[in-house]
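For reference, the chains in residue letters:
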Amino acid sequence: GDDVQGIKRGVVEMCDVLLVHKCDGDRVKSSQLTAAAYSQALHLLPMPPSGTPAHVVLASSLTGEGIDTLWDKLVELRDTWTSNGWWDRQRAAQRLTAMHRHARQLLVEQHMQSHKGLWDRQEHRVKEGTEGPFSAARTWVSNVLCPTSDTEHPA
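So, how was this worked out
Residues numbered from 1 in each chain as written. Predicted model: local features only at pLDDT ≥ 70, side-chain atom pairs only at ≥ 80, totals over all residues. Heavy atoms only, no water. Helix = DSSP H or I, 4+ residues; strand = E, 2+ residues; numbered from the N terminus. Buried < 20%, exposed > 50% of the residue type's maximum accessible area, 1.4 Å probe, protein only. Areas by Shrake-Rupley, 256 points an atom, 1.4 Å probe, with all protein chains shown as cover. Polar contact = N/O pair within 3.5 Å; in protein donor to acceptor, adjacent residues only side chain to side chain. Contact = heavy atoms within 4.5 Å. Core = buried A, V, L, I, M, F, W, Y, C linked by side-chain atoms within 4.5 Å. Pairing = 2+ DSSP bridges. Right-handed = clockwise from strand over helix to strand, strands pointing away. Axes fitted to C-alpha atoms, helices over the stretch in contact; angles between N-to-C directions. Parallel < 35°, antiparallel > 145°, perpendicular 65-115°, else oblique. Nonpolar A, V, L, I, M, F, W, Y, C, P; charged D, E, K, R; others polar. Phe/Tyr/Trp six-rings, centres within 6.5 Å; stacked < 30°, edge-to-face > 60°. Lys NZ or Arg CZ within 6 Å of the ring centre and 35° of its normal. Expected span 1.5 Å × (residues − 1). Arc of directions from axis to C-beta.

Caption draft 1: Seen up close, the overall build of the chain. Assigned secondary structure in the chain consists of six helices and two strands. Sequence-ordered secondary structure for the chain, helices as α and strands as β, is α-β-α-β-α-α-α-α. Here the chain holds 155 residues, and 22% of them are scored as buried. Here the chain has roughly 11300 Å² of accessible surface; of this, 59% comes from carbon and sulfur atoms.

Shown next as structure tokens:
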């Protein structure tokens, strides 16, 4: 329960628009109460980095009610973020994150190929249970980054 609540809180802290869906039939009242609770909770959180407070929107796919409101809110956010520079800053940060992630992946793959023998030995030890995964990874990294060190286990 606590883990789920923590995850929910983390998600809510990151949201820009929170949609309370299925606001139709006998669920209208409970949806309205849920939306009100989320609206109050959002006011307790710090202002998002974008500088625009999160909004709660009620909607129903069955009736179509609230869909236009949701769309309008999304367009409004896009326009606000474009005009205040947040959109471009976010996209730049995402591009840098992608570059860093890809560079790390390429480095690891290159080292795995150029140190394949050691990699295969470490994998074998982990599969056999003679070395733990973290220790094996540490040994491999130490040997790849400092090839003169004497950290590899004898074969």
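Caption draft 2: Broad picture of the environment of threonine 80. The residue threonine 80 is located in helix α3 (residues 67–84) in this model. Of the residues examined, threonine 80 reaches a relative accessible area of 27% and is grouped as partly exposed. The spacing of threonine 80 and threonine 52 is 28 residues in sequence and 8.2 Å in space, taken between C-alpha atoms.

Caption draft 3: Seen up close, the side chain of aspartate 24. Structurally, aspartate 24 is set in the loop between β1 (17–20) and α2 (28–44). There is a polar contact of 2.7 Å between the side chain of aspartate 24 and the side chain of arginine 27. Setting aside anything within four residues of it in sequence, one finds aspartate 24 in contact with Ser60, Leu62 and Thr63.

Caption draft 4: Layout of the nonpolar core. If you look at the biggest cluster of nonpolar residues, it comprises eight residues: Val12, Cys15, Leu18, Val20, Ala35, Leu42, Leu45 and Ala54. Taken together, the elements giving at least two residues each to this core come down to β1 and α2. Each residue touching alanine 54, except ones within four places of it in the same chain, is listed here: Cys15, Asp16 and Leu42. Core analysis: the next-biggest nonpolar cluster, separate from the first, contains six residues, Leu70, Leu77, Trp81 and Trp86 among them.

Caption draft 5: View of the pairing of strand β2 (residues 55–58). In this structure, β1 lies alongside β2, joined through four bridges in parallel fashion. Residue leucine 18 lies in a different strand from β2, and its bridge partner there is valine 56. Taking the sense of rotation as the criterion, the β-α-β connection linking β1, α2 and β2 turns out right-handed.

Caption draft 6: View of the packing of α3 against helix α4 (residues 86–114). One way to put it is that α3 packs onto α4 with a least axis distance of 5 Å and a crossing angle of 85°. Between α3 and α4, the interaxial angle falls into the category roughly perpendicular. Two secondary-structure elements touch here, α3 through Arg78, Trp81, Thr82 and Asn84 and α4 through Trp86, Trp87 and Arg89. In terms of residue class, the contact of α3 with α4 is made up of three nonpolar, two polar and two charged.

Caption draft 7: Up close: the packing of aromatic side chains. For the coordinates displayed, the defined rule picks out one aromatic pair. For the cation-ring pair, arginine 91 lies above tryptophan 87, with the distance from its terminal atom to the ring centre recorded as 4.5 Å.

Caption draft 8: Quick peek at helix α5 (residues 116–128). Given a rise of 1.5 Å per residue, 13 residues ought to cover 18 Å, and the 18 Å separating the end C-alpha atoms of α5 matches this to within 8%. What α5 keeps buried is the set Leu118, Gln122 and Arg125. In an axial view of α5, the angular spread of the buried residues amounts to 60°, which keeps them on one side of the axis. Among the exposed residues of α5, those oriented more than 90 degrees off its buried face are Lys127 and Glu128. Looking at the buried positions of α5, the neighbouring elements they touch are α6 (133–145).

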